Every structure is written in structure tokens, then in C-alpha cells.
Amino acid sequence: MTHTIKRMYDRTLNQILTVLRRIKCLTYVTLLVTLVILLLYLTQDLTAVSITASQTIIPVVYQRDGHGAHNNPSFHAQFCQKPRNIIFTKTHKTGSSTISNILLRYGEVNNLSQLLYSYRTSTEYKKLLARRLITNRQIGNIFAQHATYDMDFLREHVYGSPPPRIFTIIRNPVSQFVSGFSFFEKPKLYPAPTLQSSIQLFLDSHSTYLKDTWFCRNCDRLVNANSLDLGFRFDRYMASDDKNGFVEDFLAEKTGEYELVLITEYFDLSLVLLKRRMCLTYNDIVYLRSLERIRKETVDDSGILARITEIQKIDMKLYEHFNRTFWEEIEKEDGIFEDLRIFQQINSKVQEYCVQGKKIGYMNTYENRLTDAGKENYHCLAMNTRCLPFSTFLQARDDEKVSDETRAGLLEEGLDNPDSLNFRQILTLNRHTDIVKLATGHV
């Protein structure tokens, strides 16, 4: 009896083990098949997927051919999302108005709200105050206006989910100073036969700046403007016993605060880097060259250039630091220079499609005259509209305290300038035409 039970036990155990082996075998087979399918998916030619420059679907699928790829090691997925919330710190005489224009258009195309002051306010916001925001909008998706630095305010008034993408742009402080000195009409305060001589007079009158005092007469938006726009406190700097340490702490703070710091001298490359990091498209970053100075004067005296470098010493440290980090980020991006080449070709085509000539315009600069096709296209018109009127029209449209009578009056304004958006076009023009396709002929 005992032997019979033992044989039954052994037979049952063997049957169970046989079943388990078969299950294990099937598991291995299933796993193997799964791995083969996954391998075939990963190695297939993704370039067959058609990705257009106008694609605004979220998430955006990027090709792995270097033209639209995001190869930064911090991004491991094939999918990434275009940002909904953006804080852009606008700086003076850096090309930041072009980026603000890009962000105004981006908001309109993607139905995202701009954080704006109430109608009618200039784009120089100075101190940020909640009571001055658009009546019915205390929180917005995008901030891209000139303002005294206050990141705490912006984090409170720009939507935080998903967290806002924060970036800025800075410029070589020497060329920025020369450009700003002329643009802000400083020679009227320091009259001399030439721009160079006028700058010499300015420098002679500021020999104690950042030596005995942080006060700088007639220096607004001109001297160490990048650092001021990013929140540098010159009063605390002068009171510090460790001035080098104070600057280093400031640089470390800004490095942690800004996801990207773009460089004016590499403007197109900066836009391509921005496109890759924020999952944008060529349609999002194309722009029109405009507002070039009619009369350009140069400064080539080595002594004056050295003194400009000295008076700009905080901005010089800022620029040297972020110029280095900029190139470190570029080195992480496989294929970015091919991407740059394609973007510049596309942007040139967009310029040809939209623009037929120049005219004298704002602050003694050349403005674009649009082609007939450009005058009917939202993107051409929007790219050719300065930030102040563009923002003012959005204020008038979105601020609930603006009366119907005021809006009706605005509908009649700007009709004599066919090269820039008017209020009627803000309300009616189709924002979803593909300007890249139209300009390159791939309709």
C-alpha cells in the first residue's frame, strides 16, 4: 500500500514538473518573441514617418536623422511635449524682441494666454504688480515682456503645471553697449562729432563707477544691462566684502534658474537649440529680419573698447560664463549644425515669400515691405509686427474692462499700414496656415 501511494505521488509530481517546464518554456518563447518585435520596432526606418514643420500635435514625434531629433542625454524618450507654460526674461539690445514675437505667435497658434498688463500699457513693465494685470487674467501661460526682474512674481502668475520652461538671451557686452548707446540716443546727452567721441565723453564721466559707487548716471538699459535684467543687485555688490564671491554666487543662481541662456552672436543656432529642447517646429521659430539701423557707426579705438569692457565687467563675467555653458549644450546635440543649415534655408525662403523690400520705420531703422501674399498671411504680418502694437491688440482683445466702443474704434486703426497686423486681423485671420510649406513650395 505504501509503495502504491509513493508511486502515485511520484507520478503526480512528475506530471506537475512537466507542466511547469512547459509553462517555463512558453514563457521563454513569449519573452523571446517580444524582444524580437521590440528590436524590429527600434531599428525600423523612422524617417518614413512624415513630420511636417507645422505639426502642433502633442506629443511631437521627432525623426532620428538629426533634422528634428532631440539627442540631449537628458531626454531618453522618442516623444516630448511642446511647452504650455513659458517664462522668457527679455533683455535689452540682444534680439530679445524677435524671440518675444516668436512667443506671441506661439501663444496665438496654440491657444495659450499671454501674461499682460491691462490695456493700454507699454511693453516696459518696470515693477511687476498684480493689480496692473489684465482684469480677468491674473495667471497666464506665457510671459515675454520687458520687466524689472521678479521671478517669484512670475512663478506665481504663470501656470505651474506643467512647470514653466524658463530661458533668456544675452549678448557680448561690448557690442551691446555700442548698439545701445546709439539706439537709446545717448549722444544727445554727450554731444560730439562722432559716436566714438561721444562714448569717450560718457566713459570719462563715469570713472568712479563700481569703484566708489554703484550709481550710474544715464546708464539705464546700457551699462551691465544683461545682469540688471537678470536681477543683479549692484547696491549689495558694492556693500559686499567678497565681490568676486558675490558674482560667483549670482552666476550659480542663474545657472540653476534658467534652463537655457541663448547667445545673440549665435542667434540662429540658439533658435535651433531652443527648437530641439522645447520640441518646437520650424514654423514656431521662423522670423523676419527687420529694424536694422539705417546709419551704423563703429567703434574701433582699442583704448575705448578696453574701457567699455571694464565698465561692463559684471556683464563680461556673465557672458563668459553662459557663452561657455551654451557651447557645452551645443556639444550634446548630434546633428545640430545640419539642423541649423536646414533652418537657415527655410528662413531665407520665408523672408523671400513675405518680404519684397524695405522702408524707413521705427527709431531710424529699416522696416519690411511685405509682398502681396505676405499682406494676406497671418504669419508674415505677425512676424513683421513690433511687440508693442502686437501686445496692445492682445490686451484690447482679452481685457474685459475694454469697452465695445474702444474695440470698435480699434477696428478702424492701422488700416493704412498693410505691412503689419491690425486689430481686425488679430480677430479674424487664420493662424493655422503652414508658412514653411507656403514659402518652400511644399503645399
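What you are looking at is a predicted structure, and each value in this text was computed from that prediction instead of being measured.

Cut-off values and rules
- Residues numbered from 1 in each chain as written.
- Predicted model: local features only at pLDDT ≥ 70, side-chain atom pairs only at ≥ 80, totals over all residues.
- Heavy atoms only, no water.
- Phe/Tyr/Trp six-rings, centres within 6.5 Å; stacked < 30°, edge-to-face > 60°.
- Buried < 20%, exposed > 50% of the residue type's maximum accessible area, 1.4 Å probe, protein only.
- Pairing = 2+ DSSP bridges.
- Helix = DSSP H or I, 4+ residues; strand = E, 2+ residues; numbered from the N terminus.
- Contact = heavy atoms within 4.5 Å.
- Axes fitted to C-alpha atoms, helices over the stretch in contact; angles between N-to-C directions.
- Polar contact = N/O pair within 3.5 Å; in protein donor to acceptor, adjacent residues only side chain to side chain.
- Disulfide = S-S within 2.5 Å.
- Expected span 1.5 Å × (residues − 1).
- Salt bridge = Lys/Arg side-chain N within 4 Å of Asp/Glu carboxyl O.
- pLDDT = per-residue confidence, 0-100.

## Overview of the packing of aromatic side chains
At step 1: Enumeration over the complete set of coordinates arrives at 17 aromatic pairs.
At step 2: Aromatic side chains Phe-232 and Phe-234 sit 4.6 Å apart centroid to centroid with 65° between the ring planes, which places their arrangement in the edge-to-face category.
At step 3: For Phe-234, a relative accessible area of 6% corresponds to the buried category.
At step 4: Ring centres of Phe-326 and Trp-327 lie 5.4 Å apart, and the angle between their planes is 85°; on these two criteria the pair is classed as edge-to-face.
At step 5: Members of the aromatic cluster, joined through ring pairs, are Phe-232, Phe-234, Tyr-237, Phe-246 and Phe-250.

## Observations regarding the sheet that holds strand S4 (residues 142-143)
At step 1: Read across the sheet, four strands follow the order S4-S3-S5-S6 without closing on themselves; strand pairing throughout is parallel. Because the sheet does not close on itself, it has two edges, and the strands there are S4 and strand S6 (260-263).
At step 2: Sheet topology note: the strand S5 (residues 165-170)/S6 ladder contains four bridges and is parallel. The residue bridging Phe-167 from the neighbouring strand is Leu-260, located in S6.
At step 3: Its contacts with the sheet place helix H9 (residues 267-277) against S5 and S6, and it is angled at close to 155° to S6.
At step 4: Packed onto the sheet, helix H12 (residues 313-331) meets S5 and S6 and runs at close to 100° relative to S6.

## Overview of the environment of Gln-196
At step 1: Assignment of secondary structure puts Gln-196 in helix H5 (residues 195-204).
At step 2: Sequence separation between Gln-196 and Leu-305 is 109 residues, and the spatial gap between their C-alpha atoms is 9.8 Å.
At step 3: A polar side-chain atom of Gln-196 sits 3.2 Å from the main-chain amide nitrogen of Asp-301.

## Details of the state of the cysteines
At step 1: By the definition in use, this model includes three disulfides.
At step 2: Two residues share a disulfide in this structure: Cys-354 and Cys-380, whose sulfurs sit 2.0 Å from each other. Across the disulfide from Cys-354 to Cys-380, rotation about the S-S bond amounts to roughly -65°, and the bridge is consequently left-handed. Taken together, the residues Cys-354 in helix H13 (residues 336-354) and Cys-380 in helix H14 (residues 378-383) connect sequence positions 26 residues apart.
At step 3: For the chain, the bonded cysteines connect in the pattern 1-4, 2-3, 5-6 when numbered consecutively along the sequence.

## A closer look at unusual backbone geometry
At step 1: Across the junction of Ser-161 and Pro-162, the peptide omega takes the value -5°, indicating a cis bond.
At step 2: You can see Pro-162 is positioned in the loop between helix H3 (151-157) and S5.
At step 3: Phi is positive for Asn-111, which is not a glycine, with a value near 55°.
At step 4: With respect to the helices and strands, Asn-111 occurs in the loop between helix H2 (96-109) and S4.

## Thoughts on the environment of Lys-275
At step 1: Within the element layout of this structure, Lys-275 appears in helix H9.
At step 2: When its relative accessible area of 2% is taken as the criterion, Lys-275 is described as buried.

## Focus: H2
At step 1: Taking 1.5 Å per residue as the helical rise, H2 with its 14 residues ought to reach 20 Å, and the 20 Å between its terminal C-alpha atoms agrees with that figure.
At step 2: Most of H2 is tucked away, with twelve of its 14 residues classed as buried.
At step 3: Every buried residue of H2 is listed here: Ser-96, Ile-99, Ser-100, Asn-101, Ile-102, Leu-103, Leu-104, Arg-105, Tyr-106, Gly-107, Glu-108 and Val-109.
At step 4: Asn-111, located one to two residues past H2, shows a positive phi value of around 55°.

## Structural notes on the pattern of salt bridges
At step 1: Per the counting criterion, the structure on display carries 23 salt bridges.
At step 2: Across the pair Arg-324 and Glu-328 runs a salt bridge whose closest N-O atoms are separated by 4.0 Å. Placement of both Arg-324 and Glu-328 in helix H12 is noted, with a separation of four residues, approximately one turn of the helix.
At step 3: Of the residues examined, Glu-328 reaches a relative accessible area of 39% and is grouped as partly exposed.
At step 4: Between Lys-332 and Glu-329 there is a salt bridge, with the nearest N and O atoms lying 3.1 Å from each other.
At step 5: One connected set of salt bridges, linked through shared partners, spans Lys-275, Arg-276, Arg-277, Glu-329, Lys-332, Glu-333 and Asp-339.

## Focus: the confidence of the model for the chain
At step 1: Summary statistics for the chain give a mean pLDDT of 84 and a share of 79% for residues scoring 70 or more.
At step 2: Segment residues 1-6 is flagged for pLDDT under 50; beyond a separation of four residues in sequence, or across chains, it makes zero contacts in the model.
At step 3: The low-confidence segment residues 36-77, where pLDDT is below 50, has 72 contacts with residues more than four positions distant or belonging to other chains.

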